[in-house]
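Survey of secondary and tertiary structure
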Amino acid sequence: MKVLGHKIELLTGLLLHDVTMAGLQELRFPEEKPLLRGQDVTELENSDAFLSAVDTDWKEHDIETPYGLLHVVIRGSPKGNRPAILTYHDVGLNHKLCFNTFFNFEDMQEITKHFVVCHVDAPGQQVGASQFPQGYQFPSMEQLAAMLPSVVQHFGFKYVIGIGVGAGAYVLAKFALIFPDLVEGLVLMNIDPNGKGWIDWAATKLSGLTSTLPDTVLSHLFSQEELVNNTELVQSYRQQIGNVVNQANLQLFWNMYNSRRDLDINRPGTVPNAKTLRCPVMLVVGDNAPAEDGVVECNSKLDPTTTTFLKMADSGGLPQVTQPGKLTEAFKYFLQGMGYIAYLKDRRLSGGAVPSASMTRLARSRTASLTSASSVDGSRPQACTHSESSEGLGQVNHTMEVSC
């Protein structure tokens, strides 16, 4: 009996050891560091990479608005007359899943440390959000836009530079149309200015009957080619959408986005009293993105003198995730076009002095109808209406289309 008991004890110990080792293998500790230039995208394709945070000084707020509470995460404080960078994510995501890779990118941090950064989560889409009660009416896309002035007022922003993706890009565009004085510039990725026709609506309904909600949303985020060929990234987002975002709340947001109206914009001079975005706009889409046609049409409806169309090569539905370096560089030149210039460290330089990182107002010559700005905290710069020369992407600032 003693021998048998010893064998059982030994066997139990081995089993506990195996279980413990298996548990340790499953437990992953994300390394908190920014994405380095040249890092393979597969290194981002584990679920922890999307939710890890480099900075510890992000503060969460729940802000009262006319249409309910809005969850906001902010870093920094307003700096004089300098605008805040305000982001709005796509449907199916939240600010972490949508923007962590981009804002944790090393070069992007060199830019954003000179601005207050404000991430907005659509109602009920943040990590750990409680499920809305039965019968809750999710805000319309117009109401989502009308919630943002409460954020601007709460933090004392004078105006913002918006970065939106998909549904978030639509919300920010609507915000700029309703409250143009609060928006200095917009970066709109994967924007579709068109509401769904009844055929599209029926197809969406049919897809919802035959597919799970995460899979339905994935077809909005990724192209068919990406769904087939980039399976690791797609699978990671499938898990995150299913596990991190409350599914009932997501369904409400998804239904509201698919019932949106056409964005009421037209190129100036094409129709009487045409409405358009008055601020500088950079439209961004991957060359293999499901939203490509919508972004092209949006470009045709905006003022070409204040609009840059950036089509990113080797990029699909989430360029801020798969091509953060290219997008960061484009964003830097976009800021230059509005009157800001960043002297950033360039790790590609082999030697010599590199200017320390700083952000200053760019003094620019203007035509008689425009003014010059020369101080960091001076008056709000006017929109640029002509091309400005610089290196790389700067040579094509405010042109119709840029491929990179």
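Going by the structure above, here's the rest.
Residues numbered from 1 in each chain as written. Predicted model: local features only at pLDDT ≥ 70, side-chain atom pairs only at ≥ 80, totals over all residues. Heavy atoms only, no water.

**Some points on unusual backbone geometry**
So the rule is basically this: Secondary structure elements follow DSSP: runs of H or I of four or more residues count as helices, runs of E of two or more count as strands, with numbering from the N terminus. The buried label goes to any residue with under 20% of its type's maximum accessible area, the exposed label to any with over 50%, and the partly exposed label to all in between, with areas taken from a 1.4 Å probe on protein chains only.
The phi dihedral of asparagine 190 falls on the positive side, at around 60°, and the residue is not glycine. Topologically, asparagine 190 is positioned in the loop between strand 6 (183-189) and helix 8 (198-210). On the basis of relative accessibility, which here comes to 7%, the residue asparagine 190 falls in the buried class. With a phi close to 55°, aspartate 314 is a non-glycine residue in the positive phi region. Assignment of secondary structure puts aspartate 314 in the loop between strand 8 (307-312) and helix 14 (319-322).

**Describing helix 12 (residues 247-258)**
The line we're drawing: Helix span, expected: 1.5 Å multiplied by one less than the number of residues in the helix. Two N or O atoms form a polar contact when they lie within 3.5 Å of each other; inside protein one atom must be a possible hydrogen donor and the other a possible acceptor, and for residues adjacent in sequence the pair counts only when both atoms belong to side chains.
Over its twelve residues, helix 12 runs 16 Å from end to end, which matches the ideal 16 Å to within 8%, given 1.5 Å per residue. Taken residue by residue, helix 12 has Asn249, Leu250, Phe253, Trp254, Met256, Tyr257 and Asn258 as its buried positions. A distance of 3.1 Å separates the backbone nitrogen of alanine 248 from a side-chain oxygen at the start of helix 12, and that oxygen is part of asparagine 246.

**Some details on the packing of helix 6 (residues 148-155) against helix 7 (residues 167-178)**
Two packed helices can be described by the angle between their axes and the distance between those axes. To be explicit about the condition: A fitted line through C-alpha atoms serves as each axis, taken over the contacting stretch for helices, and the angle formed by two N-to-C directions is quoted from 0 to 180°. Each angle receives one of four descriptions, namely roughly parallel if under 35 degrees, roughly antiparallel if over 145, roughly perpendicular if within 65 to 115, and oblique otherwise. Pairs of residues are marked as contacts when any of their non-hydrogen atoms sit within 4.5 Å. Gly counts as polar in this scheme, as do all residues outside two lists: the nonpolar Ala, Val, Leu, Ile, Met, Phe, Trp, Tyr, Cys and Pro, and the charged Asp, Glu, Lys and Arg.
As a packed pair, helix 6 and helix 7 sit with axes 10 Å apart at the nearest point and diverge in direction by 75°. Our classification of the angle between helix 6 and helix 7 gives roughly perpendicular. Between helix 6, through Leu148, Pro149 and Val152, and helix 7, the contact on the second element is made entirely by Val171, Leu172 and Phe175. The class makeup of the residues in the contact of helix 6 with helix 7 is six nonpolar, no polar and no charged.

**Quick look at the pairing of strand 5 (residues 160-165)**
Put simply, side chains in a regular strand alternate between the two faces of the sheet. To be explicit about the condition: At least two DSSP bridges between two strands are required for those strands to pair. By convention, a crossover is right-handed whenever its connection, traced from the first strand over the helix to the second and viewed with the strands pointing away, goes clockwise.
Most of strand 5 is tucked away, with six of its six residues classed as buried. Looking at chain direction, strand 3 (residues 84-88) and strand 5 are connected through five bridges and run parallel. Note on strand 5: the bridge partner recorded for leucine 86 is glycine 162. Traced from strand 5 through helix 7 to strand 6, the parallel crossover comes out right-handed.

**Topic: the environment of glutamate 64**
Tracing the sequence through the fold places glutamate 64 in strand 1 (residues 59-65). Overall, glutamate 64 belongs to the exposed group, its relative accessible area being 60%. Distance in space between the C-alpha atoms of glutamate 64 and serine 150 is 7.3 Å, their sequence separation being 86 residues.

**Structural notes on the packing of aromatic side chains**
The following threshold applies: Stacked, tilted and edge-to-face pairs are distinguished by plane angle, under 30 degrees for stacked and over 60 for edge-to-face with tilted covering the rest, among Phe, Tyr and Trp rings (Trp via its six-membered ring) whose centres lie within 6.5 Å. Our definition puts a charge over a ring when NZ of Lys or CZ of Arg is within 6 Å of the ring centre and also within 35 degrees of the ring normal.
This structure, assessed with the given rule, holds nine aromatic pairs. For the ring pair phenylalanine 132 and phenylalanine 138, a centre distance of 6.3 Å and an interplane angle of 70° mean the geometry is edge-to-face. Through a chain of ring-to-ring contacts, three or more aromatic side chains come together here, namely Phe132, Tyr136, Phe138 and Phe253. Over the face of the ring belonging to tyrosine 257 we find arginine 260, whose NZ or CZ atom lies 4.0 Å from the ring centre. Positioned over the ring face of tyrosine 333 is lysine 332, at 5.1 Å from the centre of the ring.

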